[in-house]
Amino acid sequence: MQQSPALGRHLNRSTASNGTPTRGLFLGLIITLAAVVTYSAYITRQISGLRELQDTLVDRNRKDSLQLLRIQNDLNLLALAMRDMLDNDEPYPLTAWSAQFQRIRTDLDDALRHEQQVAPVNRTPEQEQYLENSVAQFWDASDRTFALANAPNQSEARTQIRISLRARQEALSTAVSRLLVQNNESEEQAALRIGQIYDRVQRQVYLFLTATLIAILFTSLYLIRSNRRLFAQLAALSEQRSELAQKLISTQESTLRHISRELHDEFGQILTAVGAMLTRAGKHAPEGSPLRTELREVCEITQTTLDKVRSLSQALHPVMLEETGLESTLDWYLPVVERQAGLHVFYEKSGDAFSVKGDAAIHVYRVVQEALNNVTRHSGAGEAWVRLRFLPKSLMVEVEDHGKGFEAQAARQGIGLVAMRERAELLGGKLEFVPTAQVGNGTGTLVRLSVPREKLNSDAT
């Protein structure tokens, strides 16, 4: 059954007026992608800042603290050496400690050089210069002390150690301790900043997840609303199509019924009257005359035409459908198909028969008629099987052939199969097209119509 132009225009107007959710979905997708990109850039920036903070402050502070501890250890060794030098219990001259001072000086210079390389960025140049100058002054004083010890002037050298060297060593230790305290404070501040970054990123993650969930929620609600609207439109269009199909089928059956009655009543009566007049005229003609023979031939032609008109009337709309029901109509129709189409039909009936009349009988009859027409025209088979099964809760009709099969006929299937489906829907039944290979009979097609029994007693149209 073809879609009417009015229904197509209505569908186009409905689609144009209500629109589709594609535009809104694209907008939501763009917003979501922009949010993801923005958030990713933010997280990348925070991670980069955190990495920079760790590299430039935390790691440098840790390395610098190790070098400062090394320097402090060397200064402590110098303090112990100077204590031993001032202790009179040792019978050694002051110059005996020169080699130890030299080793400590070498290690201290190396520690200072490494400390300058890993010094924190927040270390001021004044602090660096003070530390460097203090160390240089200490070693200058140390060189002068050992020079006095070589004089020999042990007493003055010890006085230099007590007054100058120890004071400079204590000043250096104090400066290094302050730098260590400063590094500890910097590490605490860095740990605080790192914690703040983690807290900020965590809050942003929660906010982003919340925004994402809200976006998903609104998108889902929008999709649900759009789908409900689209399904409502489809349901309305389906209902309109069903109503249109009912009207078209009803109009078709009314037209066929009218033409059938006109053929049967009007043309039948005319041909009957013509035949009667020809018969009477033939009786007035002399026996054995050419006129009598011609009138008899015309009368036979008229009778043949009358029979064809009545057959055509029955084919368009069998009157017995309304008078005797579906079963009797099929008993009459199937032999007619055999005779007219040259198709051998095997007819089977089973179950306890019940009455099928009215519109339901018409729809079932049309399905069988269309199925047999397809067998005759398209399948190429010389045999067909028609089964009428009266089941306790339904009526089942099957038309089977072993021809070219459903796939071979699919390209030619058109309005007939659509009309069959529409009639099945009007009956509230189920129509199936099953390749007979699935039921073990080789190639071919099985058309099965199943209609609930309660639908057969109602007005289908």
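Parameters and conventions
Numbers given for residues are sequential positions, taken from 1 along each chain in its written order. Totals for whole chains, interfaces and linings use all residues, but because this is a predicted model, local features are given only for residues with pLDDT of at least 70 and pairs of side-chain atoms are given and counted only at 80 or more. Excluding hydrogens and water, the side-chain figures rest on all heavy atoms present in the structure. Strand pairing is assigned whenever DSSP identifies at least 2 bridges connecting the two strands. Each helix is a run of H or I in the DSSP string that is no shorter than four residues. Each strand is a run of E no shorter than two, and both are numbered from the N terminus. Angles here are taken between N-to-C directions and fall from 0 to 180 degrees, while the axes themselves are lines fitted to C-alpha atoms, restricted in helices to the stretch in contact. We call two residues in contact when some of their heavy atoms are within 4.5 Å. An expected span of 1.5 Å times one less than the residue number is assigned to each helix. For every residue, the accessible area (1.4 Å probe, protein chains only) is compared with the maximum for its type, and the residue is labelled buried under 20%, exposed over 50%, or partly exposed between those bounds. For salt bridges, the criterion is a side-chain nitrogen of Lys or Arg within 4 Å of an Asp or Glu carboxyl oxygen.

(A) A look at the sheet that holds strand 5 (residues 445-452). Read across the sheet, five strands follow the order 1-2-3-5-4 without closing on themselves; strand pairing throughout is mixed. A strand with exactly one partner marks an edge of an open sheet, and here the two such strands are strand 1 (344-351) and strand 4 (430-435). Ignoring strand direction, the axes of neighbouring strands in this sheet form an average angle of 15°. Sheet topology places strand 1 next to strand 2 (residues 383-390); eight bridges connect them, and they run parallel. Along strand 2, the bridge assignment pairs G351 with F390. Against the sheet, helix 8 (residues 326-341) touches strand 1, strand 2 and strand 3 (394-401), its axis set at about 165° to strand 1. Contacts from helix 9 (residues 358-379) reach strand 2, strand 3, strand 4 and strand 5, with the element oriented near 10° to strand 3.

(B) Looking closely at helix 3 (residues 98-117). Over its 20 residues, helix 3 extends 29 Å from the first C-alpha to the last, a length consistent with the 28 Å expected when each residue adds 1.5 Å. All of the buried residues in helix 3 are F101, I104, L108, D110, A111, L112 and E115.

(C) Geometry of the pattern of salt bridges. If you walk through the whole model with that rule in mind, you get 14 salt bridges. A salt bridge links E398 to R389, with the shortest nitrogen-to-oxygen separation between them at 3.7 Å. With a relative accessible area of 5%, E398 lands in the buried category. A single salt-bridge network, built from bridges that share partners, covers E348, R387, R389, E398, E400, K430, E432 and R448.

(D) Summary view of the environment of F208. On the secondary structure map, F208 appears in helix 5 (residues 154-284). Between the C-alpha atoms of F208 and Y39, which are 169 residues apart in sequence, the distance is 7.6 Å.

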